[in-house]
Amino acid sequence: MVEFIEVTKSYKKRPIFVNLSFHVVPNRINQIILPQSTGKSTILKMIYGAEKPDSGFVRVFDFNVTDLNYSGILLLRRYLGIIFEDIRLISNMTVKDNLKAITKLTKRNLYLSEEIFDMLSIGHLLDKYPHELSISEQSLINIARGVIYNFPLVLADEPLRYLSLDYKIKVIRLFRYLNEKKSITFLIATLNPIDENFYTIDLRYEKG
Amino acid sequence: MKRDNIKIALFFIFVSFVLTMSVIMGVFLAMNSYVQQKKSNVPLYIFLKTDITQSALRDFVSTVKQLNGVKSVKLINKKKALDQMVKKFHIDPNIFVGNPFPDSLEVFFYSRYTNENYFKRFKVDITNPIVESVAYPKDVLGEIESIHSKFIYFSEIVISVLYFVEFIVFLSIMTIFYSNRKFDYDTLKFFGIKRFTIFRLFLKETIVPSFYGFLFSVVLIFALYFAYGSYGKLPFISIELFKSVQRDTFIVNIIVGFGFTFLSSVLVFLINDEKI
């Protein structure tokens, strides 16, 4: 589903990874555990084509992302659920519009898992704008937006960062439910292990 | 909903553009009309021979009236000419043995025909045997023509500079607008939304405040008509003249305003948007 083969990536001539290799186990909740500022977000960005590796291959759904042109990357992104570390809700849209923006703007009639509203207790927030929500509520909407379409692969960049313990438990329960009932594969980048039942990816690389 | 200050700024920029340009252009056009009116008051004189019949004179007058560019023709007979001179210069009429003046015509032309070249050509083309001579006040005509062309040149320069400056203002506000939305647009790209769709979204966001600006301008322009009709007294510019030119300039500047909005949106998007 996702495979990194000898990927090298550097920022401003400072190498982050040299010959990074790993693969994501399909139909599992995978977690990448790395310390602060060591390239967690960069790994996820390389999967959805927002960053390009200096060398090596990033394979997603049997496509080599580095070979795709921009239209191909946009097409690939339409089959990925993304939960951003910096939340990234559209500021001038209501929560409902944020959740439906993908179907509306891509003119796809996608199925929305509305049971997620109950599981995350966000039904009462649907008509609000992002600036009217607390940071943890915004984070929940960000998570809901990433999983609501039942895309086969969900990339989550520190999804629990802004959540209280109660909410963390709800979100982990939701991830498990979607993984078990709908066979959605998760790739979560995190500072600390989230759950002992999640598959921890063994990253093989040379330090820059 | 959160107040969107960028949209409010664009709304006011559109309104101020339409009103400023309409009023300035309206004043220039009204002044131009006034100068043209003065210009077409400069006559060309046709002096006739002394031995012509009344029917030949009538035929000639009607022929001249039909000539290209002629606005009106005024017949001044020899008696009237003598009376006018005697009255103007307080001369004793008995010093003249007979009437030394010929019958003559004062021919007035439309403004764009009131120029030295046309008058020269007209003079050559008048070949009727009853015509003794043709004359016109060269100095006055030259001076008024020169003032008119300088005025047109000046107003074209001023209007062009103002349009240029306004376009820069539109470009600046669109750049701020795009920067304000860039984070959201980039997020949409991460969900696979095409750049063209995002461009349409951006265009819609910029056109809508301009449209509200247009509606608000209509209200303001009617208020301006009313105020000028009641209290306006610009020198040389009558209310009727002001209103007639103001309507045209208002329509032109609404169209230009939407054009600037569209063009600056396209330019800003093309320059700033990235394949992220």
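Residues numbered from 1 in each chain as written. Chains lettered and ligands numbered in written order. Predicted model: local features only at pLDDT ≥ 70, side-chain atom pairs only at ≥ 80, totals over all residues. Heavy atoms only, no water.

## A short note on the overall build of chain A
Working step 1: Helix and strand content of chain A: six helices and 10 strands.
Working step 2: Rg of the C-alpha trace for chain A: 17 Å, near the compact-globule value of 17 Å for 208 residues, within the 12% margin.
Working step 3: Each of the 208 residues in chain A was classed as buried or not, and the buried ones make up 55%.
Working step 4: Residue pairs at least 24 apart in sequence account for 73% of intrachain contacts in chain A once pairs closer than 6 positions are excluded.
Working step 5: Counting 28 positive and 23 negative side-chain charges, chain A places the averaged centre of each group 4 Å from the other. (Helix = DSSP H or I, 4+ residues; strand = E, 2+ residues; numbered from the N terminus. Rg over C-alpha atoms; globule rule 2.2 N^0.38 Å. Buried < 20%, exposed > 50% of the residue type's maximum accessible area, 1.4 Å probe, protein only. Contact = heavy atoms within 4.5 Å. Lys, Arg positive; Asp, Glu negative; His and termini not counted. Charge placed at Lys NZ, Arg CZ, Asp CG, Glu CD.)

## What to know about a nonpolar patch on the surface
Working step 1: On the surface, Tyr-153, Ile-157, Val-161, Phe-164, Val-165, Ile-168 and Val-169 of chain B cluster together into a nonpolar patch covering about 640 Å² of accessible area.
Working step 2: Structurally, Ile-157 of chain B can be placed in helix 5 (residues 138-190). (Patch = residues over 30% accessible without salt bridge, like charges linked within 9 Å, V, L, I, M, F, W, Y side chains within 5 Å. Areas by Shrake-Rupley, 256 points an atom, 1.4 Å probe, with all protein chains shown as cover. Salt bridge = Lys/Arg side-chain N within 4 Å of Asp/Glu carboxyl O.)

## Describing the packing of helix 1 (residues 5-39) of chain B against helix 5 of chain B
All names here are of chain B.
Working step 1: The N-to-C vectors of helix 1 and helix 5 enclose an angle of 175°; their axes lie 11 Å apart at closest approach. The orientation of helix 1 with respect to helix 5, classified from their angle, is roughly antiparallel.
Working step 2: When the residues that make up the contact of helix 1 with helix 5 are grouped by side-chain class, the tally is 26 nonpolar, five polar and six charged. (Axes fitted to C-alpha atoms, helices over the stretch in contact; angles between N-to-C directions. Parallel < 35°, antiparallel > 145°, perpendicular 65-115°, else oblique. Nonpolar A, V, L, I, M, F, W, Y, C, P; charged D, E, K, R; others polar.)

## Points about the pairing of strand 7 (residues 153-157) of chain A
Residue and element names in this part refer to chain A.
Working step 1: When you tally the buried positions in strand 7, you get five out of five residues, the bulk of the element.
Working step 2: Going residue by residue along strand 7, you find Leu-153, Leu-155 and Asp-157 tucked away on one face and Val-154 and Ala-156 tucked away on the opposite face as well.
Working step 3: Bridge count for strand 7 against strand 8 (residues 185-190) is five bridges, and the pairing is parallel. Directly across from Asp-157, in strand 8, lies its bridge partner Ala-189.
Working step 4: Traced from strand 7 through helix 6 (residues 165-182) to strand 8, the parallel crossover comes out right-handed. (Pairing = 2+ DSSP bridges. Right-handed = clockwise from strand over helix to strand, strands pointing away.)

## Here we look at the sheet that holds strand 3 (residues 104-109) of chain B
Residues and elements named next belong to chain B.
Working step 1: The strand order 2-3-1-4 describes an open sheet built from four strands, whose pairing is antiparallel. Only two strands of the sheet have a single partner each, and these edge strands are strand 2 (70-76) and strand 4 (131-135). Neighbour-to-neighbour, the strand axes of the sheet open up by a mean angle of 20°, direction not taken into account.
Working step 2: Pairing geometry for strand 1 (residues 44-48) and strand 3, over four bridges, is antiparallel. When the bridges of strand 3 are listed, Tyr-45 appears paired with Glu-106.

## Side note on the confidence of the model for chain B
Reading fine detail from the predicted coordinates is not recommended where pLDDT is low.
Working step 1: Across chain B, the average pLDDT comes to 89, with 98% of residues at or above 70.
Working step 2: Scored as a complex, the prediction yields pTM 0.83 and ipTM 0.93. (pLDDT = per-residue confidence, 0-100.)

## Some details on the packing of aromatic side chains
Working step 1: Under the criterion given, the structure shown has 37 aromatic pairs over all chains.
Working step 2: Consider the rings of Phe-17 of chain B and Phe-170 of chain B, whose centres lie 5.6 Å apart with planes at 90°: the pair is edge-to-face. Linking Phe-17 of chain B in helix 1 with Phe-170 of chain B in helix 5, this pair joins segments that are 153 residues apart in sequence.
Working step 3: The class for Phe-170 of chain B is buried, based on a relative accessible area of 0%.
Working step 4: These aromatic residues form a ring-pair network of at least three members: Phe-177, Tyr-178, Tyr-185, Phe-196, Phe-199, Phe-202 and Phe-269 of chain B.
Working step 5: Over the face of the ring belonging to Phe-84 of chain A we find Arg-88 of chain A, whose NZ or CZ atom lies 5.7 Å from the ring centre.
Working step 6: Lying across the ring of Phe-183 of chain B, Arg-88 of chain A places its NZ or CZ 4.0 Å from the centre. (Phe/Tyr/Trp six-rings, centres within 6.5 Å; stacked < 30°, edge-to-face > 60°. Lys NZ or Arg CZ within 6 Å of the ring centre and 35° of its normal.)

## Remarks on the interface of chain B and chain A
When the parts of a complex come together, some accessible area is lost, and that lost area is often taken as the interface size.
Working step 1: Taken together, the contacts link 22 residues of chain B with 21 residues of chain A.
Working step 2: Buried surface at the junction of chain B and chain A, summed over both partners, amounts to about 2,200 Å²; 66% is from carbon and sulfur atoms.
Working step 3: Summed over the shared surface of chain B and chain A, the result is zero salt bridges.
Working step 4: Counting across the chain B and chain A interface gives eight residue pairs in polar contact (both at pLDDT 80 or more).
Working step 5: Elements supplying a minimum of two residues to the side of chain B that touches chain A: helix 5 and helix 6 (195-231) of chain B.
Working step 6: Looking at the side of chain B that touches chain A, the element that brings in the most residues is helix 5 of chain B, giving eight residues.
Working step 7: When its residues are assigned to classes, the side of chain B that touches chain A shows eight nonpolar, three polar and 11 charged. (Buried area = accessible area lost by both parts, 1.4 Å probe. Polar contact = N/O pair within 3.5 Å; in protein donor to acceptor, adjacent residues only side chain to side chain.)

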